[in-house]
Amino acid sequence: MSLALTVHRGTQEIGGSCIELADSSGERIILDAGRPLDAPEGATGLLPQTLDRSRPATVIISHPHQDHWGLVEELPQDWPVWCGPHAASLIRVTGEVRRQPLDRELRSWEPRQGPMRIGAFTVTPILTDHSAFDAYMILIEAAGKRVLYTGDFRRHGRKSALVDRMMTDPPGKIDVLLMEGTNLRSSKPVKSETELEAEFLELFEGTPDRVFVSWSGQNIDRTVTLYRAAKRAGRTLVIDLYTADVLDRVAEGTGVPRPGFPNLKVVITRSLARNYRRQGRADFVDRMAAHAIPARALARDRHWVIMLRRALMRDYIDAGVQPSARDAYNFSMWRGYLDDAYHAEPHDWCGAAGARLAYIHTSGHASPDDLRRFAVAVAPKTLVPVHGVHWDDPGLEFSDVRRLGNGERWQIR
Ligand SMILES: [Zn+2]
Ligand SMILES: [Zn+2]
């Protein structure tokens, strides 16, 4: 028996991840079916050409970021798709809010799932630290080989202990480590979510009136950080219906804040409420009413930390909400997104009003040092780089690296 590895997409880029492992009988596991980050809105037919769709396969999604799952709808209907239990909820909510609900079943493993048998493969999901909630590294054993796929990970978020533990006690005898390298060339120091919490607290305490913040509603680590800092500053965090929906679906049984917690309010904006009603989820909007405030309250009172996105701006403006020089604005996502009008508009809206502009954020991906230390700790026979654009830079200090081209099939030795 032997095992072949093909990285269909991701050897030279960040996003659009799609990796195949096939044994000599032709059984296959596909790791991620991601949408390329630069794919135009609405574009289809984006699966890598080298991925053979005429034969069966089982798909494992590492985490609920679209650059890892965004093409599942294009996969053959009879291919089973597996992911984490909360990841499944988060993938579904994305489709529903766009009113394009996912037209396929997602199978999910248990929260503390041990090794699972999938045909000739033994698959072990290992919960990890990343900006996406319910993110996993995946250990795959077949044909006497052991392959560890990191998915996307970091070592400075609220689940960093999971990665530390893995480095102290790594799964042994790894033949291939498929490792992401998003931040390989980043020289910025990485901050922990706890450090961010202190910075947010300072911003909240030092701002006379409101603080507007843009962040991803699915970045639950960040929601927790903002909530904790708001509470410490005696402020109330105001989230939109979508973020409330996300928390409502995943917070059960965790310490994650959710509607009903003190210092947390849901702003019911007209367009999002209409969207939910059209999804047939009027019950959700009605249930949130108990924890809600109208948008016009954001114009009146001053102690809010307010979620801001372009999609919310018009409703805020209609309700009389206008930023001022006594407010602050913080963009809490990757800075590069500000080149995009969707993200730049709220930033510029606040900036033009004279609000103080801040940038408190930390990456969802491991620093170059942590990537190096992780590879040393796992000590694979071969390191296969993925999810990065700087893997060919000189002076990178990784050993036993095998660079593959997209679609190149390599018989693991
Ligand atoms: Zn990614
Ligand atoms: Zn990710």
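Starting afresh in each chain, residues are numbered from 1 along the sequence in its written order. As a convention, the first chain written is A and the first ligand written is 1, with the rest following in written order. Since the coordinates come from a predicted model, pLDDT governs what is reported: local features require at least 70, and pairs of side-chain atoms require 80 or more to be given and counted, while whole-chain, interface and lining totals use all residues.

Undergrad: Would you mind going over the overall build of the chain with me for this structure?
TA: When helices and strands are counted, the chain shows 12 helices and 20 strands. Taking 413 residues into account, the globule formula puts the C-alpha radius of gyration at 22 Å, and the chain, at 22 Å, falls close to it. Taken over the C-alpha atoms alone, the chain extends approximately 70 × 45 × 35 Å along its principal axes. Here, residue contact means that the backbone-derived C-beta atoms of the two residues sit within 7 Å. Of the contacts formed within the chain by residues at least 6 apart in sequence, a portion of 71% connects residues at least 24 apart. The numbering of helices and of strands both runs from the N terminus, where a helix is a DSSP run of H or I of at least 4 residues and a strand a run of E of at least 2. Computation of the radius of gyration draws on C-alpha atoms, with the globule rule given as 2.2 Å multiplied by the number of residues to the power 0.38.

Undergrad: Where do I start with the sheet that holds strand S13 (residues 236-240) in this structure?
TA: Consider a sheet: its strands pair through backbone hydrogen bonds, and that pairing is either parallel or antiparallel. Pairing between strands is defined by DSSP: at least two bridges between them are needed. Ordered by their spatial adjacency, seven strands build an open sheet running S15-S14-S13-S16-S12-S17-S18, and the pairing between neighbours is parallel. The sheet is open, and its two borders are formed by strand S15 (292-294) and strand S18 (356-358), each paired with just one other strand. Mean inter-strand twist for the sheet, computed between neighbouring axes without regard to direction, equals 25°. Pairing between strand S12 (residues 211-214) and strand S16 (residues 304-307): three bridges, direction parallel. The residue bridging Val 211 from the neighbouring strand is Val 305, located in S16. For helices, the fitted line uses only the C-alpha atoms of the stretch in contact; every axis is such a line through C-alpha atoms, and the angle between N-to-C directions lies from 0 to 180 degrees.

Undergrad: I'm lost on the sheet that holds strand S2 (residues 18-23) in this one. Help?
TA: Taking strand neighbours across the sheet as the criterion, the seven strands line up as S6-S5-S4-S3-S2-S1-S20 in an open arrangement whose pairing is mixed. Only two strands of the sheet have a single neighbouring strand rather than two, namely strand S6 (107-108) and strand S20 (409-411). In this structure, S2 lies alongside strand S3 (residues 28-31), joined through four bridges in antiparallel fashion. When the sheet's bridge partners are listed, Glu 20 is paired in S3 with Ile 30.

Undergrad: Would you mind going over the environment of Leu 308 with me for this structure?
TA: Structurally, the position occupied by Leu 308 is in the loop between S16 and helix H10 (310-318). Buried, partly exposed and exposed are defined by the number of other C-beta atoms within 10 Å of a residue's own C-beta, namely 20 or more, between the two limits, and 12 or fewer respectively, with C-beta atoms placed from the backbone. Residue classification places Leu 308 among the buried residues on the basis of 27 C-beta atoms within 10 Å. If sequence neighbours within four positions are ignored, Leu 308 has contacts with Phe 212, Val 213, Ser 214 and Pro 346.

Undergrad: Quick question: what am I supposed to make of the pairing of strand S11 (residues 176-180) here?
TA: Strand residues, when the strand is regular, have side chains that alternate between the two faces of the sheet. Taken across its five residues, S11 has five buried, putting it largely inside the fold. Burial along S11 is two-sided: Val 176, Leu 178 and Glu 180 facing one way and Leu 177 and Met 179 facing the other are all buried. Across three bridges, strand S10 (residues 145-149) lies against S11 in parallel orientation. Considered in S11, the bridge of Leu 148 is made with Leu 177. Each parallel crossover has a hand, and for S10 linked through helix H3 (residues 160-168) to S11 it is right-handed. If you view a crossover with the strands going away from you and the path from the first strand over the helix to the second runs clockwise, you call it right-handed.

Undergrad: Sorry, what's going on with the domain arrangement of the chain here?
TA: Buried accessible area, meaning the area lost when the parts come together, often serves as the stated size of an interface. For the chain, the assigned domains are domain 1 (3-186 + 364-411) and domain 2 (193-358). Note: domain ranges come from an automatic or database domain assignment. On a C-alpha basis, the centroid separation for the pair domain 1 and domain 2 is 31 Å. Opposite the 13 residues of domain 1 that make contact, domain 2 presents 14 residues. Class assignment of the residues belonging to the side of domain 1 that touches domain 2 gives a composition of six nonpolar, four polar and three charged. Residue polarity is assigned by list, with Asp, Glu, Lys and Arg as charged and Ala, Val, Leu, Ile, Met, Phe, Trp, Tyr, Cys and Pro as nonpolar; anything else, Gly included, falls into the polar class.

Undergrad: Is there a simple way to explain the pairing of strand S17 (residues 328-331) in this structure?
TA: Covered by surrounding structure in S17 are Ala 328 and Asn 330 together with Tyr 329 and Phe 331, the residues of both alternating faces. In this structure, S12 lies alongside S17, joined through four bridges in parallel fashion. Of the residues in S17, the one forming a bridge with Val 213 is Asn 330.

Undergrad: Honestly, the packing of helix H2 (residues 85-97) against helix H6 (residues 241-250) in this entry has me stumped. Any pointers?
TA: Helix-helix packing is characterised by the crossing angle of the two axes and by the distance between the axes. For the pair H2 and H6, interaxial distance at closest approach is 10 Å and the crossing angle is 155°. In terms of orientation, H2 and H6 fall into the roughly antiparallel class. Regarding H2 and H6, the two cross each other, and that crossing is right-handed. Contact residues: H2 offers His 86, Ser 89, Leu 90, Val 93 and Val 97, while H6 offers Tyr 242, Asp 245, Val 246, Arg 249 and Val 250. For the contact of H2 with H6, the class distribution of residues is six nonpolar, two polar and two charged. Just so you know how the angles are binned, under 35 degrees is roughly parallel, over 145 roughly antiparallel, 65 to 115 roughly perpendicular, and the rest oblique. Handedness of each helix crossing follows the sense of rotation of the near helix against the far helix: counterclockwise by less than a right angle gives left-handed, clockwise gives right-handed.

Undergrad: Could you clarify how one ought to interpret H6 in this entry?
TA: Each full turn of the α-helix corresponds to 3.6 residues, which orients residues three or four apart in the same direction. Extensive coverage of H6 is indicated by the burial of nine of its 10 residues. Those residues of H6 that sit buried are Leu 241, Tyr 242, Thr 243, Ala 244, Asp 245, Val 246, Leu 247, Asp 248 and Val 250.

Undergrad: How should I be thinking about the environment of Leu 226 in this particular structure?
TA: Mapped onto the elements of the fold, Leu 226 is located in helix H5 (residues 220-232). Owing to 27 C-beta atoms within 10 Å, Leu 226 belongs among the buried residues under this scheme. Separated by 10 residues in sequence, Leu 226 and Thr 236 have C-alpha atoms that sit 9.8 Å apart. For Leu 226, the residues in contact, after removing those within four places along its chain, are Phe 200, Val 213, Leu 237 and Val 305.

Undergrad: Before we go on, may I ask you to explain unusual backbone geometry in this structure?
TA: Outside of glycine, negative phi angles account for most residues, and trans bonds account for most peptide bonds. The backbone of Arg 99 shows a phi angle near 60°, a positive value even though the residue is not glycine. Note on placement: Arg 99 falls in the loop between H2 and S6. In this model, His 387 sits at a positive phi of 50°, which is unusual for a non-glycine residue. Tracing the sequence through the fold places His 387 in the loop between strand S19 (382-386) and S20. Classification of His 387 as buried rests on a count of 30 C-beta atoms within 10 Å.

Undergrad: Looking at this structure, I do not really get the nonpolar core. What am I missing?
TA: Here is a general trend for soluble globular proteins: nonpolar side chains tend to be buried in one another's company. Residues Ile 29, Leu 178, Val 238, Leu 241 and Val 305 are the most contacted members of the largest nonpolar core, which totals 108 residues. Mapped onto the domain boundaries, this core takes at least three residues apiece from domain 1 (3-186 + 364-411) and domain 2 (193-358). If we ignore the near neighbours within four places in the chain, the residues touching Val 305 are Phe 204, Val 211, Val 213, Leu 226, Ala 230, Arg 235, Leu 237 and Val 238. To define a nonpolar core, we join buried Ala, Val, Leu, Ile, Met, Phe, Trp, Tyr and Cys residues through C-beta atoms within 7 Å and take the resulting set.

Undergrad: Teacher, can you tell me more about the environment of Leu 272 here?
TA: Relative to the helices and strands, Leu 272 resides in helix H7 (residues 270-278). The sequence separation of Leu 272 and Asp 240 amounts to 32 residues, and the corresponding C-alpha distance is 8.2 Å. What Leu 272 contacts, discounting residues up to four positions off in sequence, is Asp 240, Leu 241 and Tyr 242.

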